[in-house]
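Chain residues, written in single-letter form:
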There are 2 protein chains.
Amino acid sequence: MARPSRREHLIETAITLFCEHGYHATGIDMLLDKAGVSKKTMYQHFRSKEELIYAALRQYDGVFRNNFMKAVEAAGKTPEEKLLAIFDVAHTWFNDNKFFGCMFINAIGEYSEKDSPIREISRQFKQLMWNYVAELAKDANVKEPEKLANELSLLLEGAIVTAQVSQKPEAAVTAKEIGKKLIDDAMV
Amino acid sequence: MARPSRREHLIETAITLFCEHGYHATGIDMLLDKAGVSKKTMYQHFRSKEELIYAALRQYDGVFRNNFMKAVEAAGKTPEEKLLAIFDVAHTWFNDNKFFGCMFINAIGEYSEKDSPIREISRQFKQLMWNYVAELAKDANVKEPEKLANELSLLLEGAIVTAQVSQKPEAAVTAKEIGKKLIDDAMV
DNA sequence: TTATAAGTAAACAGATCGGTTTACTTATAA
DNA sequence: TTATAAGTAAACCGATCTGTTTACTTATAA
């Protein structure tokens, strides 16, 4: 038994290393050493490194969005508050010393082939995040919820990259201020 | 002679490949094959692959900012127009079929060590871009030019990543609309 | 008890990595 | 003409890459 545990642990380790060092730079040997799992076991669970990358991205997709949404719901009561809380949650994220930017943005940088499954997963993740923002916007009864979702999503991306590249976690505050203006403008 | 030509050509090739495939995924052999330059010659010009990466980033830093600023100046007369033109220039960039996101953002994703020279060059590039936006903002006599520079820079980052990951070059339009609001609000 | 499934450690494979060296070929300028 | 600098092609190096295989060790459940 103990089957789910091994697989899970490999994915967890993979997420950690891919986040910090990137995908090509993370070797299988290093990963297995860190995970304390033998090579045979890994290749029993995943057919290739790419399969492990897919699994890691898929797992992270679910976990991240779940945590993110929970944190947003916890931080705001009304839909408007929740929309703004997005940036507070992001701020907390940026200040984590294990913050290395968005795993999916980083993945796209290393896999540029247009039909790559890795790109597809990343695109889907962003779509699902957008869906969530759009839902909140609809709940808030704003004029054009999808437009507002576009705007707030773009602000979030900008904050993530600014926090990552320019080492400015306070980019979340800038994004929040802009977001507040846009939400106010969009309120009926 | 012909010395500058070889070095330049290696850097040009490096920029192209690093942009499209990333840094770790681009092997020296592949690069040299594409450049039509022998290995010995390359290692005569650059002490290591990392040195070539530095040189490529530095070159791209200069060229990109020069082209970007020229395009912005050409597209707008008044400082306000120029501030908005940033997003038009970005839009054109996003629609280039050789658009693979920002070279520096992608670099950060592969090199996470805090004191890495690659990170430093990338941080500097973003700083210099910010400086330019801040200059334009000052010329436009807005209330808080540096705050506006923070905001517009963040919007630009957001647009770049959205165009790259979600394959939506029209993110530039979204960013421009938000930018217009912020500029208008900041006008004295 | 014993068959089975899942694990480990480690050798191995072939390719590729970054980087060096050797032998030969230009081109140029004194 | 000839010394020099810069180039090429290709062999070579040790390390590392992804992935496979072998031999042995658990743990579990019939």
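In this text the structure is predicted, and so the values were computed from the model without any measurement. (Residues numbered from 1 in each chain as written. Chains lettered and ligands numbered in written order. Predicted model: local features only at pLDDT ≥ 70, side-chain atom pairs only at ≥ 80, totals over all residues. Heavy atoms only, no water.)

### Some remarks on the overall build of chain A
Test applied: Only runs of H or I of at least four residues qualify as helices and only runs of E of at least two qualify as strands under DSSP, and these elements are numbered from the N terminus. Type-normalised accessible area, obtained with a 1.4 Å probe on protein chains alone, sets the label of each residue: buried when under 20%, exposed when over 50%, and partly exposed for intermediate values. In this analysis, two residues are considered to be in contact whenever any of their non-hydrogen atoms come within 4.5 Å of each other.
Along its length, chain A carries 9 helices and 0 strands. Mapped in sequence order, the helices and strands of chain A form the string α-α-α-α-α-α-α-α-α. Overall size of chain A, expressed as C-alpha extent along the three principal axes, is 60 × 35 × 35 Å. For chain A, the residues scored as buried account for 53% of the 188 residues in total. Put simply, of all contacts in chain A between residues at least 6 apart along the chain, 65% involve residues at least 24 apart.

### Description of the protein's contact with DNA strand C
As a reminder of what qualifies: Residue proximity to a molecule or strand is established when one non-hydrogen atom of the residue lies within 4 Å of it. Polar contacts here mean pairs of N or O atoms no more than 3.5 Å apart (in protein, one a potential hydrogen donor and the other a potential acceptor; neighbouring residues in sequence count only if both atoms are side-chain atoms). The classification used treats Ala, Val, Leu, Ile, Met, Phe, Trp, Tyr, Cys and Pro as nonpolar, Asp, Glu, Lys and Arg as charged, and all other residues, Gly among them, as polar.
Around DNA strand C sit 18 residues in total, of which Ser38 and Thr41 of chain A together with Ile28, Lys39 and Lys49 of chain B are the nearest. In DNA strand C, atoms within 4 Å of the protein come 59% from sugar and phosphate. At 3.4 Å from a phosphate oxygen of DNA strand C is found a main-chain nitrogen or oxygen belonging to Gly36 of chain A. Among the elements that take part in the surface near DNA strand C, helix α3 (residues 39-45) of chain A stands out by supplying 4 residues, more than any other. The residue inventory of the surface near DNA strand C, partitioned by class, reads 3 nonpolar, 8 polar and 7 charged.

### Quick look at the interface of chain B and chain A
Definition in use: Joining two parts hides part of their accessible area as seen by a 1.4 Å probe, and the buried area is that hidden amount summed over both. The working definition used for a salt bridge is a side-chain nitrogen of Lys or Arg within 4 Å of a carboxyl oxygen of Asp or Glu.
Facing the 40 residues of chain B at the interface are 40 residues of chain A. In total, chain B and chain A occlude about 3,400 Å² of area from one another, counting both sides; carbon and sulfur atoms represent 62% of this. Taken as a group, Leu154, Val165 and Ile178 of chain B account for 17% of the area that chain B buries against chain A, more than any other trio of residues on that side. Inspection of the chain B/chain A interface yields 4 salt bridges. Linking chain B with chain A are 6 residue pairs in polar contact (both at pLDDT 80 or more), by the criterion used here.

### A closer look at the layout of surface pockets
Residues and elements named next belong to chain A. Using the following cut-off: Computed over the protein atoms alone on a 1 Å grid, cavities are sets of points where a 1.4 Å probe fits but cannot get out and pockets are open sets with protein on both sides within 12 Å along at least five of seven lines; a residue lines them when it has an atom within 4 Å of a point. Grid points are joined across faces, edges and corners, and a volume is the space filled by probe spheres set on the points.
In this structure, the largest pocket occupies an estimated 580 Å³ of space. Taken together, 19 residues make up the lining of the largest pocket; nearest its centre are Tyr60, Phe64, Trp93, Asp96 and Lys98. At the level of elements, α1 (3-21), α4 (49-75) and α5 (79-95) are the ones that each hand at least two residues to the lining of the largest pocket. A class-by-class count of the residues in the lining of the largest pocket yields 11 nonpolar, 4 polar and 4 charged.

### Section: the protein's contact with DNA strand D
Around DNA strand D sit 18 residues in total, of which Ile28, Lys39 and Lys49 of chain A together with Ser38 and Thr41 of chain B are the nearest. Within 4 Å of the protein, the contacting atoms of DNA strand D are drawn from sugar and phosphate to the extent of 53%. Within the side chain of Thr41 of chain B, a nitrogen or oxygen atom sits 2.5 Å from a phosphate oxygen of DNA strand D. In terms of residue count, the dominant contributor to the surface near DNA strand D is helix α3 (residues 39-45) of chain B (4 residues). A per-class count over the surface near DNA strand D returns 3 nonpolar, 8 polar and 7 charged.

### Some words on the relation of the copies chain B and chain A
The cut-off we apply is this: Here the copies are superposed with least squares, the fitted atoms being C-alpha atoms of residues at a pLDDT of at least 70 in both.
Superposition record for chain B on chain A: RMSD 0.0 Å, screw rotation 180 degrees, translation along axis 0.0 Å. The superposition operator between the copies reduces to a two-fold rotation axis. Residue Gly158 of chain B of chain B places its C-alpha closer to the rotation axis than any other residue of that unit, at 1.8 Å.

### Details of helix α9 (residues 171-186) of chain B
Convention followed: A helix is expected to span 1.5 Å for every residue after the first. To be clear, the arc concerns the directions from the helix axis to the C-beta atoms.
Taking 1.5 Å per residue as the helical rise, α9 of chain B with its 16 residues ought to reach 22 Å, and the 22 Å between its terminal C-alpha atoms agrees with that figure. Taken together, the buried positions of α9 of chain B are Ala171, Ala172, Thr174, Ala175, Ile178, Gly179, Leu182, Ile183 and Ala186 of chain B. Buried residues of α9 of chain B fall within an arc of 165 degrees about the axis and therefore sit on the same side. Buried-residue contacts for α9 of chain B involve α8 (145-165) and α9 (171-186) of chain A together with α5 (79-95) and α8 (145-165) of chain B.

### A few points about the packing of α8 of chain A against α9 of chain A
Residue and element names in this part refer to chain A. The following threshold applies: To define axes, lines are fitted to C-alpha atoms, for helices over the stretch in contact only, and angles between the resulting N-to-C directions are given on a 0 to 180 degree scale. Roughly parallel here means an angle under 35 degrees, roughly antiparallel means over 145, roughly perpendicular means 65 to 115, and every remaining angle is called oblique.
With their axes 9 Å apart at the nearest point, α8 and α9 run at an angle of 170 degrees to one another. In terms of orientation, α8 lies roughly antiparallel with respect to α9. Residues Leu148, Glu151, Leu152, Leu155, Ala159, Thr162 and Ala163 of α8 form the contact with α9, whose own contacting residues are Ala171, Ala172, Ala175, Ile178, Gly179, Leu182, Ile183 and Ala186. Of the residues contributing to the contact of α8 with α9, the split by class is 12 nonpolar, 2 polar and 1 charged.

### Examining the pattern of salt bridges
Residues and elements named next belong to chain A. Summed over all chains, the structure comprises 18 salt bridges over all chains. Across the pair Asp29 and Lys39 runs a salt bridge whose closest N-O atoms are separated by 3.0 Å. Here Asp29, found in helix α2 (residues 28-35), pairs with Lys39, found in helix α3; they are 10 residues apart in sequence, far enough to count as distant. When its relative accessible area of 51% is taken as the criterion, Asp29 is described as exposed.

### Observations concerning the packing of α8 of chain A against α8 of chain B
Taken N-terminus to C-terminus, the directions of α8 of chain A and α8 of chain B make an angle of 105 degrees; their axes are 7 Å apart at the nearest point. With respect to α8 of chain B, the element α8 of chain A is oriented roughly perpendicular. Here Leu154, Leu155, Glu157, Gly158, Ala159, Val161 and Thr162 of chain A of α8 of chain A come into contact with α8 of chain B, specifically with Leu154, Leu155, Glu157, Gly158, Ala159, Val161 and Thr162 of chain B. Residue composition of the contact of α8 of chain A with α8 of chain B, grouped by class: 8 nonpolar, 4 polar and 2 charged.

### Remarks on the state of the cysteines
Among covalent bonds in proteins, the disulfide is the one between the sulfur atoms of two cysteines. The criterion, for reference: When the sulfur atoms of two cysteines come within 2.5 Å, that pair is taken as a disulfide.
Under the defined criterion, the tally for this structure stands at 0 disulfides over all chains. Note on Cys102 of chain B: no disulfide assigned, nearest cysteine sulfur contributed by Cys19 of chain B at a separation of 8.5 Å.

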